Amino acid sequence: GQRWFQAGDLMSWETARNMSWGNPLDPYEGYTVLGGVYVWNGFDFSIYRGIHRFVLPAIPDGAYYEAGILKLYQVNIFDCNIAAQATTISNWDASENYAKFVNAATQSAHYDGGLMELYLNAAILSYLNLYSGGTVYIMTREYDHDYLNVQPNVNGWTYSLATMINHPVNPPDLVLRYRLA
């Protein structure tokens, strides 16, 4: 499943970025926001983050995930790099999920549409190893501004936004490789 969260409705950068909650929004006509920053008049901001839910397969006792790729079919890009982080959410519907990211993000990825592959880092793999056979949540965020905490410097309005579609051929996927200890 996918959800996205909007924090801030045209407010200061620090307020929108550091809010402890965001409005949970379900996919709209099959689209989900992966991450983004919206700027109006150069000083009013909204920040968007995506949450992706996956059920992990059970792996043998003593095994661990050693590599993984988050695959998302991306459309509607407005000059946006996306990164992924583990989350600590436990209630899919909670507005507090907006601020529940943990650990370092993956490398950022920028595509002009199509299949996006985010290679999971050690921090996310450690998180996944705690939940073999269970449900996990991965957050996607706009990298250059939201993750790095760099306020966009614009005079008018702009988007740095990426959306995905629940594509019938390329649905969101988490591909994992495990190793026996």
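Residues numbered from 1 in each chain as written. Predicted model: local features only at pLDDT ≥ 70, side-chain atom pairs only at ≥ 80, totals over all residues. Heavy atoms only, no water.

(A) Summary view of the side chain of H52. As for its placement among the helices and strands, H52 is situated in strand β4 (residues 44-55). A polar atom in the side chain of H52 sits 2.9 Å from the side chain of T140. (Helix = DSSP H or I, 4+ residues; strand = E, 2+ residues; numbered from the N terminus. Polar contact = N/O pair within 3.5 Å; in protein donor to acceptor, adjacent residues only side chain to side chain.)

(B) Molecular detail of the pattern of salt bridges. Evaluated as defined, the whole model comprises 6 salt bridges. The shortest N-O distance in the salt bridge between E66 and R177 comes to 2.8 Å. Placement of the pair is E66 in strand β5 (residues 63-78) and R177 in strand β11 (residues 173-180), with a sequence separation of 111 residues. Residue E66 is classed as partly exposed on the basis of its relative accessible area of 24%. Relative accessible area serves as the criterion here: at 48%, R177 is assigned to the partly exposed category. Measuring nitrogen to oxygen at the nearest pair gives 2.6 Å for the salt bridge that ties R179 to E66. One end of the pair, R179, is in strand β11; the other, E66, is in strand β5, and 113 residues separate them in sequence. (Salt bridge = Lys/Arg side-chain N within 4 Å of Asp/Glu carboxyl O. Buried < 20%, exposed > 50% of the residue type's maximum accessible area, 1.4 Å probe, protein only.)

(C) A look at unusual backbone geometry. Backbone geometry places N149, a non-glycine residue, at a positive phi of 55°. Position of N149 among the secondary structure elements: in the loop between α3 (143-147) and β10 (158-165).

(D) Here's a closer look at the nonpolar core. If you look at the biggest cluster of nonpolar residues, it comprises 26 residues, and the most contacted ones within it are L70, L120, I124, L128, V136 and L174. Counting residues per element, the ones that place at least two in this core are β4, β5, β6 (82-87), β8 (114-119), α2 (122-129) and β9 (135-142). Setting aside residues up to four positions removed in sequence, L120 forms contacts with G68, I69, L70, T106, L125, L128, L174 and L176. Grouped together as the second largest cluster of nonpolar side chains are 6 residues, W13, A16, V39 and I47 included. (Core = buried A, V, L, I, M, F, W, Y, C linked by side-chain atoms within 4.5 Å. Contact = heavy atoms within 4.5 Å.)

(E) Structural detail: the packing of aromatic side chains. Under the definition given, this model contains 3 aromatic pairs. Aromatic pair W13 and F45: ring centres 5.4 Å apart, planes at 75°, arrangement edge-to-face. Note that W13 is positioned in helix α1 (residues 13-17) and F45 in strand β4, a separation of 32 residues in sequence. Given the relative accessible area of 2%, W13 is considered buried. Residue F45 is classed as buried on the basis of its relative accessible area of 1%. Ring geometry for Y127 and Y131: centres 5.3 Å apart, planes at 55°, overall tilted. In this structure Y131 comes out as partly exposed when scored by relative accessible area, which is 37%. (Phe/Tyr/Trp six-rings, centres within 6.5 Å; stacked < 30°, edge-to-face > 60°.)

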